[in-house]
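Architecture and fold: a report
The chain contents come next:
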Amino acid sequence: MQEFGLDIWANNNFLIENGQLKLNYKNNPSLLEITEEIRSSGARGPILLRFPHLIKKQIDSLYNNFSNAIVQNNYKGSFNAVFPLKVNQYPHAVNAITREGQEYNYGLEAGSKAELLLAMHKTSHQANITVNGFKDKEMVTLAFIAAQSGHNITLTIEGLNELKTIIDVAKQTSLSIPNIGIRVRLHSVGSGAWAKSGGIDAKFGLTATEIIQAVKLLQTSKLLNKLSMIHFHIGSQMEDIAPLKKALREAGNIYAELRKMGATSLENINIGGGLAVEYDQHSSTKSRNYTLEEFSSSVVFLLGEIMDTKDVKHPNIFTESGRFIIASHAVLITPVLELFSQDYHEDFLNFKDKNPPLIDELIDLNKLLNDSNAIEYLHDALDHMESLLTLFDLGYIDLQDRSNGEILAHNIIKKALYLNSSNPTIELEQLQVKIQERYLINASVFQSLPDYWGINQSFPIMPLNHLNEKANRAASLWDITCDSDGEIAFNPQKPLYLHDIDLDADDYFLGFFNVGAYQETLGMDHNLFTKPSEYTIFIDNKGYKIDNACESKSILDILDSVGYSKDEILTKLKSDLVKSDFITEKEKKRYTCTT
Ligand SMILES: *Cc1c(COP(=O)(O)O)cnc(C)c1O
């Protein structure tokens with residue numbers, strides 16, 4: 001593994017220089033420098049940094065790959081994309097999406113009324129809006145309002161009832177009718193943890209029989225000219241490209257059949273989202289088997305081939321990839337508050353004039369351990385430590401002796417591990433896990449990495465500095481919630497090694513990468529830890545600018561947001577203080593003053 005798997009997950013977005021992690025863009029600012037500048041204004045907790053240039057990079061690469069594939073395959077349809085709002089609805093993420101996507105008329109996808117209203121607010125009339133998810137009459141009416149206001153909107157029906165609702169609303173109002181899409185229920189299944197989105201047992205979509213019924217309904221209601229799109233979505237974080245190809249063949253043939261049945265306004269195939277992001281730091285566990293180039297050329301080639309065989313016009317292609325576009329733009333940075341095993345620091349050794357003989361032997365082993373004797377001395381030390389603990393239990397040595405013994409044994413294990421780190425034995429690997437360092441991070445896994453907690457998804461983790469030193473401490477990360485699930489345990493299959501840092505002398509920050517998709521809205525206020533403060537970082541050739549600061553909620557506001565009255569809490573706090581005996585008259589005055 002190269003440094004922290006940078007060559008696997010980072011997509012050249014970051015580089016290491018002079019021991020620091022830097023952005024690989026324009027003047028390459030260092031993440032530590034940005035973090036320290038933000039902290040110099042008083043921020044102390046975790047921070048979320050957004051990098052809009054990384055959103056632009058993903059949008060550009062999506063459009064460029066598809067337009068290349070279109071040219072190479074002599075494909076006649078166009079390429080269009082929308083961003084699914086459910087992946088990140090936060091204003092500074094959405095603003096960056098619409099700003100960076102403007103030149104392509106990049107649109108938005110909505111799955112609820114609130115998201116639809118947001119999409120109407122944020123898209124220009126040139127860009128597309130697609131609407132998925134369950135729709136009641138109110139939502140359908142909202143889509144009519146969007147169409148009437150000039151939006152290029154397509155309502156994708158997930159079932160026949162929704163089509164009936166659309167027909168009802170069309171009859172009842174004189175508002176413009178939105179375009180209609182049909183989500184097809186594929187018999188071919190999806191891949192990844194979200195496979196339920198596709199497949200015959202899927203939650204969404206019309207069966208073949210229902211599609212035929214839908215076309216008849218549209219015909220009798222004189223709305224067939226509104227049927228413009230076939231849609232499918234086989235699931236998120238697609239690891240394998242094979243199921244997509246099957247789905248394309250199936251949906252492509254449905255499209256061709258429908259055109260032959262007289263749906264002449266049907267011009268678009270929407271292939272949903274699902275493009276995967278590399279979250280893994282270890283090459284042995286890479287999470288996807290295709291590149292964007294392969295993905296785009298497969299889609300374009302297959303659709304062209306199906307249409308040519310059936311002599312049908314090439315459809316315009318729509319994608320709704322969310323994760324792929326937005327995951328990389330956000331980095332969570334957390335200070336490390338404590339290394340638990342600093343209790344084993346040599347500074348705490350406190351020898352007596354006459355130590356027990358086993359302690360004297362440990363002192364020698366610690367002093368004389370070297371490359372050639374490391375394993376033998378390690379075994380001696382482990383043996384001595386066992387004996388010392390037995391002696392303690394039987395009352396023969398005191399607590400100070402035991403403490404000295406533990407510190408020395410710990411140190412010997414660390415040294416032996418370090419000397420053999422390039423070629424560890426199974427025994428050493430097991431010891432490594434046993435004496436792992438626990439890093440307390442100022443963050444909540446539930447708030448900032450909910451998919452780690454919920455579905456055990458890993459995120460790339462690495463320090464922002466000290467990168468010219470070898471990281472050799474097996475690390476587990478503990479968050480500040482008091483929930484035992486708030487831990488990213490050391491995993492010998494995907495080991496994370498961090499530095500041995502003296503936090504009194506130096507700050508140590510960890511970055512959590514690719515956290516821009518899904519984590520922010522799924523995050524929860526467990527233990528009443530709120531969202532981290534967030535900042536948008538604009539980088540140019542001269543430097544960088546920190547903008548759009550959204551500071552995290554104050555603790556009173558958090559209590560307020562779950563339904564307590566902030567004023568009542570403050571009033572009670574003050575009156576209790578004033579009543580207490582230990583407070584001076586002067587202070588009493590201070591607390592009775594209204595703030
Ligand atoms: C969630 C969803 C997407 C986005 O999926 P990603 O894996 O984030 O690309 C696209 N389309 C539909 C219908 C969805 O439900």
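Everything below is about the structure printed above this text.
This is a predicted model, so every value here is computed, not measured.

**Quick word on the sheet that holds strand β7 (residues 152-157)**
- Read around the barrel, eight strands follow the order β4-β5-β6-β7-β8-β9-β10-β11 and close on themselves; strand pairing throughout is parallel. Each neighbouring strand pair of the sheet contributes to a mean axis angle of 25 degrees, computed without reference to strand direction.
- Packing of helix α3 (residues 52-72) onto the sheet brings it into contact with β4 (79-84) and β11 (316-319), and relative to β4 it is tilted by some 155 degrees.
- Here helix α7 (residues 160-172) sits on the sheet in contact with β7 and β8 (179-183), set at roughly 135 degrees to β7.

**Here we look at the site of the ligand**
- As a structural note, the neighbourhood of the ligand is formed by 16 residues, with Lys 86, Ser 236, Glu 320, Gly 322 and Tyr 518 the closest of them.
- In this structure, an oxygen atom belonging to the ligand sits 2.8 Å away from a main-chain N or O atom of Gly 322.
- Residue Arg 323 places a main-chain N or O atom 2.9 Å away from an oxygen atom belonging to the ligand.
- Coverage of the ligand by the protein chains reaches 93% of its 390 Å² of free accessible surface.
- The residue inventory of the shell around the ligand, partitioned by class, reads three nonpolar, nine polar and four charged.

**Side note on the packing of aromatic side chains**
- Per the stated rule, a full pass over the model turns up 15 aromatic pairs.
- On the basis of an interplanar angle of 85 degrees and a centroid distance of 6.1 Å, the ring pair of Tyr 63 and Tyr 106 is categorised as edge-to-face. You can see Tyr 63 sitting in helix α3 and its partner Tyr 106 sitting in the loop between α4 (91-101) and β5 (107-110), a full 43 residues away along the chain. Like Tyr 63, the residue Tyr 106 is buried in the burial classification.

**Overview of the nonpolar core**
- Within the largest apolar cluster, 143 residues are counted, with the highest numbers of intra-cluster contacts made by Phe 14 and Phe 295.
- In this structure Phe 14 touches Leu 6, Trp 9, Leu 21, Lys 22, Leu 23, Asn 24, Leu 31, Leu 54, Val 331 and Phe 513, once residues within four positions along its chain are discounted.
- Counting residues in hydrophobic clusters, the runner-up holds 22 residues, among them Ile 363, Leu 369, Met 385 and Ile 397.

**Focus on the pattern of salt bridges**
- Applying the stated criterion across every chain, the model contains 21 salt bridges.
- Its salt-bridge partner being Lys 113, residue Glu 138 comes within 3.1 Å of it at the nearest N-O pair. With Glu 138 in helix α6 (residues 137-148) and Lys 113 in helix α5 (residues 113-122), the pair connects residues that are 25 residues apart, well separated along the chain.
- Residues Lys 352 and Asp 401 are paired through a salt bridge, measuring 3.0 Å at the closest nitrogen-oxygen approach. Here Asp 401 lies in helix α14 (residues 399-419) and Lys 352 lies in the loop between β12 (330-339) and α12 (357-368), a separation of 49 residues in the sequence.
- With a relative accessible area of 30%, Lys 352 lands in the partly exposed category.
- The structure contains a network of salt bridges with shared partners spanning Arg 50, Glu 520 and Glu 534.

**Quick word on α5**
- All of the buried residues along α5 are Glu 115, Leu 116, Ala 119 and Met 120. Across the axial projection of α5, the buried residues extend over an arc of 140 degrees, all falling on one side. Looking at α5, the residues exposed on the side facing more than 90 degrees away from the buried face are Ala 114, Leu 117 and His 121.
- Where α5 is buried, its residues touch β5, β6 (128-131), α6 and β7.

**Thoughts on the environment of Ala 114**
- The topology assignment puts Ala 114 in helix α5.
- In this structure Ala 114 comes out as exposed when scored by relative accessible area, which is 58%.
- Residues Ala 114 and Leu 303, 189 residues apart in the sequence, show an inter-C-alpha distance of 34 Å.

**With respect to unusual backbone geometry**
- Phi angles above zero are rare outside glycine, and Lys 26 is one such case at about 45 degrees.
- Structurally, the position occupied by Lys 26 is in the loop between β2 (20-23) and α2 (31-40).
- Its relative accessible area of 45% is what places Lys 26 among the partly exposed residues.
- A positive phi angle, near 65 degrees, is found at His 466, a position not held by glycine.

**Examining a nonpolar patch on the surface**
- Taken together, the side chains of Leu 528, Val 562 and Tyr 564 present a nonpolar region at the surface, about 280 Å² in accessible area.
- For Val 562, the position within the fold is in the loop between α19 (555-561) and α20 (566-579).

**Points about the pairing of strand β9 (residues 227-231)**
- Counting buried positions over the five residues of β9 gives five, a clear majority of the element.
- Judged from the three bridges that link them, β9 and strand β10 (residues 268-270) form a sheet pairing that is parallel. Bridge pairing links Ile 230 to Ile 269 in β10.
- Tracing the backbone out of β9, into helix α9 (residues 242-260) and back to the parallel element β10 gives a crossover that is right-handed.

**A word on the pairing of strand β18 (residues 509-512)**
- Alternating positions in β18 separate into two faces, Phe 509 and Gly 511 on one and Leu 510 and Phe 512 on the other, with burial throughout.
- Across four bridges, β12 lies against β18 in antiparallel orientation. Bridge assignment links Thr 334 to a residue of β18, and that residue is Leu 510.
- The pairing of strand β14 (residues 461-463) with β18 spans three bridges and is classified as antiparallel. Residue pairing across strands places Ile 461 opposite Phe 512, the latter belonging to β18.

Calculation rules
- Residues numbered from 1 in each chain as written.
- Predicted model: local features only at pLDDT ≥ 70, side-chain atom pairs only at ≥ 80, totals over all residues.
- Heavy atoms only, no water.
- Pairing = 2+ DSSP bridges.
- Helix = DSSP H or I, 4+ residues; strand = E, 2+ residues; numbered from the N terminus.
- Axes fitted to C-alpha atoms, helices over the stretch in contact; angles between N-to-C directions.
- Contact = heavy atoms within 4.5 Å.
- Near = heavy atom within 4 Å.
- Polar contact = N/O pair within 3.5 Å; in protein donor to acceptor, adjacent residues only side chain to side chain.
- Areas by Shrake-Rupley, 256 points an atom, 1.4 Å probe, with all protein chains shown as cover.
- Nonpolar A, V, L, I, M, F, W, Y, C, P; charged D, E, K, R; others polar.
- Phe/Tyr/Trp six-rings, centres within 6.5 Å; stacked < 30°, edge-to-face > 60°.
- Buried < 20%, exposed > 50% of the residue type's maximum accessible area, 1.4 Å probe, protein only.
- Core = buried A, V, L, I, M, F, W, Y, C linked by side-chain atoms within 4.5 Å.
- Salt bridge = Lys/Arg side-chain N within 4 Å of Asp/Glu carboxyl O.
- Arc of directions from axis to C-beta.
- Patch = residues over 30% accessible without salt bridge, like charges linked within 9 Å, V, L, I, M, F, W, Y side chains within 5 Å.
- Right-handed = clockwise from strand over helix to strand, strands pointing away.

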